[in-house]
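Report on the structure
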Number of protein chains: 2
Amino acid sequence: MKGDLTLLSAVQAAEGMMAGRLTSEALVSAYLARIDATENTVRAWAWLDKDHALAQAREADRIRRAGGATGALHGVPVGLKDIVDTVDMPTQRGTPVFADRRAHTDARLVERLREAGAVIMGKTKTAEFAYLHPADTTNPHDSTRTPGGSSSGSAAAVAARHVPLAVGAQTGGSVIRPASFCGTYGFKPTRGVISRSGVFRTSASLDQVGVFGATLDDIALLTNVLGCYDQSDPDSFARPRPDMLHGARSDAPVEPDIAWFDLPFHDRLDKDAAEGLEQVIAALGPRIERFPAAPQLAGLTDVHKVIYDYEITKNMEPIEADFADQLSAEVQAALVRGRAISEAQYTEALDVKSSANAFFASHFNDFDAIMAPSATGQALPLSAGNTGDAIFCTIWTLAGLPCLTMPLLVGENGLPIGVQFIGAVEEDDRLLRTAAWVQNTLSQAGEEGD
Amino acid sequence: MKGDLTLLSAVQAAEGMMAGRLTSEALVSAYLARIDATENTVRAWAWLDKDHALAQAREADRIRRAGGATGALHGVPVGLKDIVDTVDMPTQRGTPVFADRRAHTDARLVERLREAGAVIMGKTKTAEFAYLHPADTTNPHDSTRTPGGSSSGSAAAVAARHVPLAVGAQTGGSVIRPASFCGTYGFKPTRGVISRSGVFRTSASLDQVGVFGATLDDIALLTNVLGCYDQSDPDSFARPRPDMLHGARSDAPVEPDIAWFDLPFHDRLDKDAAEGLEQVIAALGPRIERFPAAPQLAGLTDVHKVIYDYEITKNMEPIEADFADQLSAEVQAALVRGRAISEAQYTEALDVKSSANAFFASHFNDFDAIMAPSATGQALPLSAGNTGDAIFCTIWTLAGLPCLTMPLLVGENGLPIGVQFIGAVEEDDRLLRTAAWVQNTLSQAGEEGD
């Protein structure tokens, strides 16, 4: 294969590898060259050892040349948010507290990647403890802006073409927002599709694993590889997972129906994001039905906050006991809030969370997807000191729904703005099929408009 | 679908299920009816709860009808050798010592089955501790004969059409021999393809998981589902697994080359088995090359025995400490032999085992498979008091090679006799492809001879 190999999609790279047109060593070398050229500015990587990456690539090539078994991601490099445990690399969780930490076992999702033949490229920078305090990663589209967080390095690494694929995690909006800010596809499948064993826990009720890629098919392929039943994760379910790639590649049997809720916090949207979303609504025409905000929906952001603050406090208190002086102001503030939440308030919040699941389940009888903003708009300037607002993601995360962002809009400064689509629980394939339809429909509308 | 559903292959059943022509409830009910009719004689099951099996079947049907995700074994019942841990069923390991034992977690391979949508039908009888002392299971072809062991119930359950698929395990010949005696396909893939986490350990160096089915495609499908990388099993490898079903369904690019070794213990073969094997050799003609026994090969059976006796003793001693009076004479004898083995003898045996791996690796440059007997011949009478001789399996198990038995011969009493094919490590797909070629070639030769 000729040209810049970092422009290949992961699907194309994997196909090229299987067909013998491409070696993993050439592919990984091309990505490493991009990293060399831009990492000084992007700062996506918490840990990266070129020799280790190349050794894995050569081993993938050796296996393939010897006629050995190849996996779905054979020789394809993948970045891992630095809260995902790996035995062969440190896992520092974005904090000096864990600067020397090296896990004794791989996260379950890392087992899946190795079994699929992937090259684990390295660990991508995360906000401290996957919470709020930013890493020093910059947005590949504008180095004066944030890539979003907390999966900052994973989003930036894919956007900067340091890797074609990366793994992140989302408790509020930590996959969807950085994907939106960085102009990549981002996908958090249904709660329980991907195991969290070996992934740093901030909130057992809310933490979910997600992925970044440059195309819809790429995120579907990676999710297929990662998904598995793991009884050691209480959210993991003992049933088949949807075939994501089949979903992304399927034609909708009839034109899908999409819902839009006018939520009270929509006034936080930037003007260009609001206008762009209106254009998408207009282009999708009668397929979109618009609803006033159901009061249940608006209240769910508070429920999310109660659960998150309460659970992160329980998880951080043992760390605080030894390392209080190494915790950011953001974590300290969460601990203060968390301690102020009574067990009764927490239990009530969990009850509301359960009822939200039922609310959404009935809703998806009539609609294939909900459309929503992915973030408030373009990536914020680094000077804002934070990775952006998760408000447009939290209620879907709370309900465990599959959430996808696609880079469909461009803001006034030329920066990407994602549009979010949310599907029914365990119908990730239907969501991806609907997203593919949206993408095609908008692309045709764009061509007609030219 | 009409007719006797227990005559469907697992592949046919899974396809029928996906296409909506068949419900899991109907399929499982048909198997339960067969069990009702014949279990009194066969005695394949250590634990079986019809309601529990039907509940799983109905759940698989509900998911499918609701448009949910389906797995590769959706709604297809599978039996598990009673040394494989399940949270929802006892795991008694063929001994009163563990009569009340219920595992707290599923074996890793059970996770894989649940994720594939399979119905876990129940637990099949095993020789005591998967060793030598027989269960009371009988051979479905002749109830006065042994089904073989130690995976007695798994082989018998498939042969009696109580389930289309079953899981077993082999330390010497505990999959290949019962499959041969019962006239099913039996397959023990390359060491490390299937995780042993949650499977009772007799010998960490030798224990391997295998499968039973009624067709080559069926055992390939089940092995694909079970195989995964599991870092908690030291033999499990962090690489892609061969695609078994693709192998079984592939045409050989050129006619394969098959080796046959005249081993010194071939004089243990029954006359009809020896004659039948000669007929197969004749039918395969120039594709078979015949070798005198390499002395290294003949010596490996002793190496296997040293390792097995030494390791089973280490594993059984804690049990002996509390339950000496509940151990069979066979286990007691193993403990006596094991204690007589010095650490030096054991270490030397492990060294020879390693060198055997290298011997075979070079061998498969010239041959696609080795052909060998699966067992000494037809199933022995129950009155023999044992499950048969593992001599024709141990050296391949020792080397971790993939081993397959196909029911190609019929003995003088009309009982099935299997023929074994052994492949290169991690080239299970090539072995299955070669086996499919053998099967087609013999079937054509048979038709021409008619």
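Residues numbered from 1 in each chain as written. Chains lettered and ligands numbered in written order. Predicted model: local features only at pLDDT ≥ 70, side-chain atom pairs only at ≥ 80, totals over all residues.

Looking at the overall build of chain A
The secondary structure content of chain A amounts to 14 helices and eleven strands. Over its C-alpha trace chain A gives a radius of gyration of 21 Å, about what one expects of a compact globule, namely 22 Å for 450 residues. The dimensions of chain A, computed from C-alpha atoms along their principal axes, are 60 × 60 × 45 Å. Taken across its 450 residues, chain A has 60% of its residues classed as buried. (Helix = DSSP H or I, 4+ residues; strand = E, 2+ residues; numbered from the N terminus. Rg over C-alpha atoms; globule rule 2.2 N^0.38 Å. Buried ≥ 20, exposed ≤ 12 C-beta atoms within 10 Å, placed from the backbone.)

Some thoughts on the packing of helix H10 (residues 295-323) of chain B against helix H12 (residues 343-363) of chain B
Residues and elements named next belong to chain B. One way to put it is that H10 packs onto H12 with a least axis distance of 9 Å and a crossing angle of 135°. Of the possible angle classes, the one that applies to H10 and H12 is oblique. Note on packing geometry: the crossing formed by H10 with H12 is left-handed. On H12, the residues that touch Gln296, Leu300, Val303, Val306, Ile307 and Tyr310 of H10 are Gln345, Tyr346, Ala349, Leu350, Val352, Lys353, Ala356 and Phe359. Taken together, the residues of the contact of H10 with H12 break down into eleven nonpolar, two polar and one charged. (Axes fitted to C-alpha atoms, helices over the stretch in contact; angles between N-to-C directions. Parallel < 35°, antiparallel > 145°, perpendicular 65-115°, else oblique. Left-handed = near helix turned anticlockwise from the far one by under 90°. Contact = placed C-beta atoms within 7 Å. Nonpolar A, V, L, I, M, F, W, Y, C, P; charged D, E, K, R; others polar.)

A closer look at helix H1 (residues 10-18) of chain B
All names here are of chain B. Where H1 is concerned, the buried positions are Ala10, Val11, Ala13, Ala14 and Met17. Looking straight down H1, one finds its buried side chains confined to an arc of 165°; they lie on one side. Residues of H1 that are buried sit in contact with helix H2 (24-42), helix H3 (50-65), strand S4 (165-170), strand S6 (208-213) and helix H7 (216-226). In the stretch just after H1, Gly20 is the one whose phi turns positive, near 80°. (Arc of directions from axis to C-beta.)

Considering the sheet that holds strand S6 (residues 208-213) of chain A
Residue and element names in this part refer to chain A. If you walk across this open sheet you meet the eleven strands as S1-S3-S2-S4-S6-S5-S10-S11-S9-S7-S8, and the pairing is mixed. Edge positions in the open sheet fall to strand S1 (45-48) and strand S8 (288-292), since each of these has one partner strand only. Strand-to-strand twist in this sheet, taken as the mean axis angle between neighbours without regard to direction, amounts to 30°. Here strand S5 (residues 185-188) runs beside strand S10 (residues 403-410); their pairing, made up of three bridges, is antiparallel. Each residue of the ladder has a partner; that of Phe187, found in S10, is Leu404. In the packing of helix H5 (residues 152-159) onto the sheet, contacts are made with S1, strand S2 (77-81), strand S3 (119-124), strand S4 (165-170) and S6, and the angle to S4 comes to roughly 155°. (Pairing = 2+ DSSP bridges.)

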